[in-house]
Amino acid sequence: MARFFSSPFLVLSSAVGLRVVLLFYGLWQDANSPLKYTDIDYFVFTDAARFTAHGHSPYDRETYRYTPLLAWMLLPTTWSSRWFSFGKVLFAIGDIFAGWLIVLVLLSSNGMSMERALKFASIWLLNPMVATISTRGSSEGLLGVMVIALLWAITRRRVVVAGLLLGLGVHFKIYPFIYAPSIIWWLDDGHLEPRQSERVGNGGRISTIKGFSNASRVKITVTSLMTFIGLNTIMYSMYGWPFLQQTYLHHVTRIDHRHNFSPYNTLLYLNSSAPGSSLLHLESLAFFPQLFLSAVALPFLLAKKDLPATMLAQTFAFVTFNKVCTSQYFLWYMVFLPFYLPTSSLLARPYLGVSAGALWVATQGLWLQQGFNLEFLGQSTFVPGLWVASLLFFLTNIWILGIIVKDVGNKQASPPASTVDVKAKI
């Protein structure tokens, strides 16, 4: 086993092999089983690509709620039936690349040995859940590589590259905007070049403002905003209002209740079955605790202590409190686990780690059992079954989030730039 994890080739080839096996198994299941392996969203993606290939808007495909970039990337799926799985291969490659970037960040920022870095990166690379979701046709693998590339760029002080990736990530899928406060807060003088830190003087409020608005913070803010605005301007000029409505505004008012682990599931179902019948939509209040925790409180309390672990806590809070929570969203925070777990109490205290993992799986399994009875057996399990299962899963996630926040909060602030290699690369 030690030899296996000491070889990047063995680990990466195993990760590739896992995904190849799942891709071919998926082809067999799609051809021989009434329960299809391919995610329904993948058909939405490929249909949108087909509309685009014929000179139409990807939003002519009902339920396409994504940036046109995704439809453009999947244009090869329209060439012939043999190319139908191109997108799945692309998403799986994204998984692999994200895993290798995890290794690079662990090596450079955490000072790990290659063997130890590969062990923790395998939480992502060799994870059957991650591989299954990408090979079923979910685009979360692309988002994973964007987010980890952003983390890699910021830890290597490639600030302009980080700004480009942040703008692209938010354009691609709104939620990465929560990382902006953490990154900007983290980019203080202690994490920059010593010579840049020395330029900041002492003397009153103006000096404090100047000190906060250092070059790196200004660069990443301007670059990310310009990238986001530029991409949106191009897409709006091509596709008009449907682009804004389907890519962004829809997510504010969406009432998806299928495959939704959120405790708001039942409320969303009631509102979708009788729209306009309720004057008070409690699920709309979900944004307040969600955004306060993920974009305000956690960044400012934790980011300077451990940026990658803070990004995990932010994403975990965002997904837990989101009014729509599906299995694909779990990948958003799972990609950060290799950075948090090495120094976590979940590993230091095995009983705690096993308990947390077992509860997370068990409450999710309880929900899936209730969901199976509802969707496949036609039994009405909304109350109390599905609702209670959602509450138990939610409370389990709150408990785990508390463990993560406590672990990160107990750390000392990450070392200043003078103690590590901080050669600026723009």
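Right above here is the structure, for reference.
Residues numbered from 1 in each chain as written. Predicted model: local features only at pLDDT ≥ 70, side-chain atom pairs only at ≥ 80, totals over all residues. Heavy atoms only, no water.

## Looking at the overall build of the chain
Tallying secondary structure elements over the chain gives 22 helices and zero strands in all. A burial count over the chain gives 50% of its 426 residues as buried. Of all intrachain contacts in the chain linking residues separated by at least 6 positions in sequence, the fraction that spans at least 24 positions is 73%. (Helix = DSSP H or I, 4+ residues; strand = E, 2+ residues; numbered from the N terminus. Buried < 20%, exposed > 50% of the residue type's maximum accessible area, 1.4 Å probe, protein only. Contact = heavy atoms within 4.5 Å.)

## Notes on the nonpolar core
The biggest cluster of nonpolar side chains holds 103 residues, and the ones touching the most others in it are Y64, I154, Y179, F330 and F336. At 11 residues, the largest contribution of residues to this core is made by helix α8 (residues 140–155). (Core = buried A, V, L, I, M, F, W, Y, C linked by side-chain atoms within 4.5 Å.)

## Considerations on the packing of helix α17 (residues 307–321) against helix α22 (residues 382–409)
A packed helix pair is summarised by two numbers, namely the angle formed by the two axes and the spacing between the axes. Across the interface, α17 lies against α22 with an axial gap of 10 Å and an inter-helix angle of 160°. In terms of orientation, α17 and α22 fall into the roughly antiparallel class. In the crossing of α17 with α22, the sense of the turn from one axis to the other is left-handed. Contact residues: A309, T310, L312, A313, F316, A317, T320 and F321 in α17; F394, N397, I398, I400, L401, I404, V405 and V408 in α22. Along the lines of polarity and charge, the residues of the contact of α17 with α22 split into 13 nonpolar, three polar and no charged. (Axes fitted to C-alpha atoms, helices over the stretch in contact; angles between N-to-C directions. Parallel < 35°, antiparallel > 145°, perpendicular 65-115°, else oblique. Left-handed = near helix turned anticlockwise from the far one by under 90°. Nonpolar A, V, L, I, M, F, W, Y, C, P; charged D, E, K, R; others polar.)

## Topic: the pattern of salt bridges
This model, assessed by the stated rule, comprises nine salt bridges. When the shortest N-O distance is used, the salt bridge between K304 and D188 registers 3.3 Å. In this pair, K304 is assigned in the loop between α16 (287–302) and α17 and D188 in the loop between α10 (179–186) and α11 (194–198), connecting sequence segments 116 residues apart. Relative accessible area serves as the criterion here: at 26%, K304 is assigned to the partly exposed category. Linked by salt bridges that have partners in common, D47, R50 and R61 make up one network. (Salt bridge = Lys/Arg side-chain N within 4 Å of Asp/Glu carboxyl O.)

## So, helix α5 (residues 86–109)
With 24 residues, α5 should cover 34 Å at 1.5 Å per step; its first-to-last C-alpha distance of 34 Å lies within 8% of that length. At the exit of α5 stands G111, carrying a positive phi of roughly 65°. (Expected span 1.5 Å × (residues − 1).)

## Details of helix α9 (residues 159–172)
End to end, α9 covers 20 Å across 14 residues, agreeing with the expected 20 Å (1.5 Å per residue, within 8%). The complete set of buried residues in α9 reads V159, A162, G163, L165, L166, G167, G169, V170, H171 and F172.

## Some remarks on the packing of α9 against helix α13 (residues 215–239)
Put simply, α9 and α13 touch, their axes get as near as 7 Å, and they point 35° apart. Crossing angle aside, the handedness with which α9 passes α13 is right-handed. Across from V159, V160, A162, G163, L164, L166, G167, L168, V170 and H171 in α9, the residues of α13 making contact are S216, K219, I220, T223, S224, T227, F228, L231, N232 and M235. Per-class residue counts for the contact of α9 with α13 are 11 nonpolar, eight polar and one charged.

## Concerning the packing of aromatic side chains
How two aromatic rings sit relative to each other is set out by the distance from centre to centre and by the angle between their planes. Taken as a whole and assessed by the stated rule, the structure comprises 31 aromatic pairs. Judged by centre distance (5.7 Å) and plane angle (80°), the ring pair of F243 and Y248 falls under edge-to-face. Look at F261 and F330: their rings are 5.5 Å apart centre to centre, the planes differ by 50°, and that puts the pair in the tilted class. Highlighted residues: F261 in the loop between α14 (241–253) and α15 (265–273) and F330 in helix α18 (residues 327–334), separated in sequence by 69 residues. (Phe/Tyr/Trp six-rings, centres within 6.5 Å; stacked < 30°, edge-to-face > 60°.)

## Overview of unusual backbone geometry
With a phi angle near 75°, T63 is a residue other than glycine that sits in the positive phi range. Relative to the helices and strands, T63 is located in the loop between α3 (40–53) and α4 (68–73). Here the phi dihedral of R157 falls at roughly 60°; this positive angle occurs in a residue that is not glycine. Topologically, R157 is positioned in the loop between α8 and α9. The buried category is assigned to R157, whose relative accessible area is 11%.

## Quick word on the environment of S294
Along the chain, S294 falls in helix α16. Sequence separation between S294 and P181 is 113 residues, and the spatial gap between their C-alpha atoms is 9.5 Å. Beyond its immediate stretch of four places on either side in the chain, S294 contacts I178, P299, Q314 and F318. A polar atom in the side chain of S294 sits 2.6 Å from the backbone oxygen of Q290. (Polar contact = N/O pair within 3.5 Å; in protein donor to acceptor, adjacent residues only side chain to side chain.)

## As for a nonpolar patch on the surface
Taken together, the side chains of L366, V383, W387, V388, L392 and L395 make up a nonpolar region of the molecular surface, amounting to roughly 520 Å² of accessible area. In terms of residues, the nonpolar patch owes the most to one element, α22, which gives five residues. In this structure, V388 sits in helix α22. (Patch = residues over 30% accessible without salt bridge, like charges linked within 9 Å, V, L, I, M, F, W, Y side chains within 5 Å. Areas by Shrake-Rupley, 256 points an atom, 1.4 Å probe, with all protein chains shown as cover.)

## What about the environment of I123?
In this structure, I123 sits in helix α6 (residues 114–125). A C-alpha to C-alpha distance of 6.6 Å links I123 and P338, two positions 215 residues apart in sequence. Setting aside residues up to four positions removed in sequence, I123 forms contacts with L337, P338 and L341.

## Regarding the side chain of T67
For T67, the location among the structural elements is in the loop between α3 and α4. Within polar-contact distance, the side chain of T67 engages the side chain of H171 at 2.7 Å. Excluding residues that lie within four positions of it along the chain, T67 makes contacts with Y59, H171, F172 and T247.

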